[in-house]
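Examining the three-dimensional arrangement
As a plain string of letters, each chain reads:
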Amino acid sequence: DQELIEYKKMRDPNKIMAMKLYARLESSLQMTKVEAQPIVTMKIVQLSLARGMSPISPLGFTYFGQLLARLGDIREGCRYVRI
């Protein structure tokens, strides 16, 4: 957990812009097409791990934690939500 908290920061402005777009898409999908939301969640998490953490990264990890909890792994889901 601490490793993710101290992970490198995202510096590429294009990637940061992509993260902002994913965050808006995530919110829209939550109300319109819930079944597609995990795809965007995973893109946020993948981009965060590949390119560094951005101000949007916590949103992705929170949604990832919720997804894990919905799939039955409540303990691991809570872990990601706390990060």
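Below is a short write-up of the structure.

What counts as what
- Residues numbered from 1 in each chain as written.
- Predicted model: local features only at pLDDT ≥ 70, side-chain atom pairs only at ≥ 80, totals over all residues.
- Heavy atoms only, no water.
- Helix = DSSP H or I, 4+ residues; strand = E, 2+ residues; numbered from the N terminus.
- Buried < 20%, exposed > 50% of the residue type's maximum accessible area, 1.4 Å probe, protein only.
- Contact = heavy atoms within 4.5 Å.
- Core = buried A, V, L, I, M, F, W, Y, C linked by side-chain atoms within 4.5 Å.
- Expected span 1.5 Å × (residues − 1).
- Arc of directions from axis to C-beta.
- Axes fitted to C-alpha atoms, helices over the stretch in contact; angles between N-to-C directions.
- Parallel < 35°, antiparallel > 145°, perpendicular 65-115°, else oblique.
- Nonpolar A, V, L, I, M, F, W, Y, C, P; charged D, E, K, R; others polar.
- Left-handed = near helix turned anticlockwise from the far one by under 90°.

Considerations on the overall build of the protein chain
- Helix and strand content of the protein chain: five helices and zero strands.
- Along its sequence from the N terminus, the protein chain presents helices and strands in the succession α-α-α-α-α.
- Seen through its C-alpha atoms, the protein chain measures out along the principal axes to roughly 35 × 30 × 15 Å.
- By the burial criterion, 34% of the 83 residues in the protein chain qualify as buried.
- Excluding contacts between residues fewer than 6 apart, the proportion of contacts in the protein chain whose partners are at least 24 apart in sequence is 50%.

Points about the nonpolar core
- In terms of nonpolar packing, the biggest core is built from nine residues, these being Met10, Met19, Ala23, Leu29, Ala36, Val40, Ile44, Leu47 and Ile56.
- For this core, the secondary-structure elements that each account for two or more residues are helix H2 (13-32) and helix H3 (37-51).
- Discounting residues that sit within four places of it in the chain, Leu29 has contacts with Val34, Ala36, Gln37 and Val40.
- Residues Leu4, Val45, Phe61 and Tyr80 belong to the second largest nonpolar core, which totals seven residues.

Brief notes about H3
- Helix length check: H3, at 15 residues, gives a terminal C-alpha distance of 21 Å against a target of 21 Å (1.5 Å per residue), a fit within 8%.
- If you check which residues of H3 are buried, you get Gln37, Val40, Thr41, Ile44, Val45, Leu47 and Ser48. Looking down the long axis of H3, one finds its buried residues gathered within 165° of arc, a one-sided arrangement.
- In this structure, the buried residues of H3 make contact with H2 and helix H4 (57-70).
- Of the residues flanking the end of H3, it is Gly52, one or two places downstream, whose phi is positive at about 115°.

Thoughts on the packing of H4 against helix H5 (residues 74-82)
- At a closest axis distance of 7 Å, the pairing of H4 and H5 adopts a crossing angle of 170°. What the angle tells us is that H4 and H5 run roughly antiparallel. Facing H4, whose interface residues are Phe61, Thr62, Phe64, Gly65, Gln66, Leu68 and Ala69, H5 presents Ile74, Glu76, Gly77, Tyr80 and Val81.
- In the contact of H4 with H5, the residues fall into seven nonpolar, four polar and one charged.

Overview of the packing of H2 against H3
- Taken N-terminus to C-terminus, the directions of H2 and H3 make an angle of 160°; their axes are 9 Å apart at the nearest point. Taken together, H2 and H3 sit at an angle that is classed as roughly antiparallel. Regarding H2 and H3, the two cross each other, and that crossing is left-handed. Contacts between H2 and H3 involve Lys15, Ala18, Met19, Tyr22, Ala23, Leu25, Glu26, Leu29 and Gln30 from the first element and Gln37, Val40, Thr41, Lys43, Ile44, Leu47, Ser48 and Arg51 from the second.
- Classifying every residue of the contact of H2 with H3 gives nine nonpolar, four polar and four charged.

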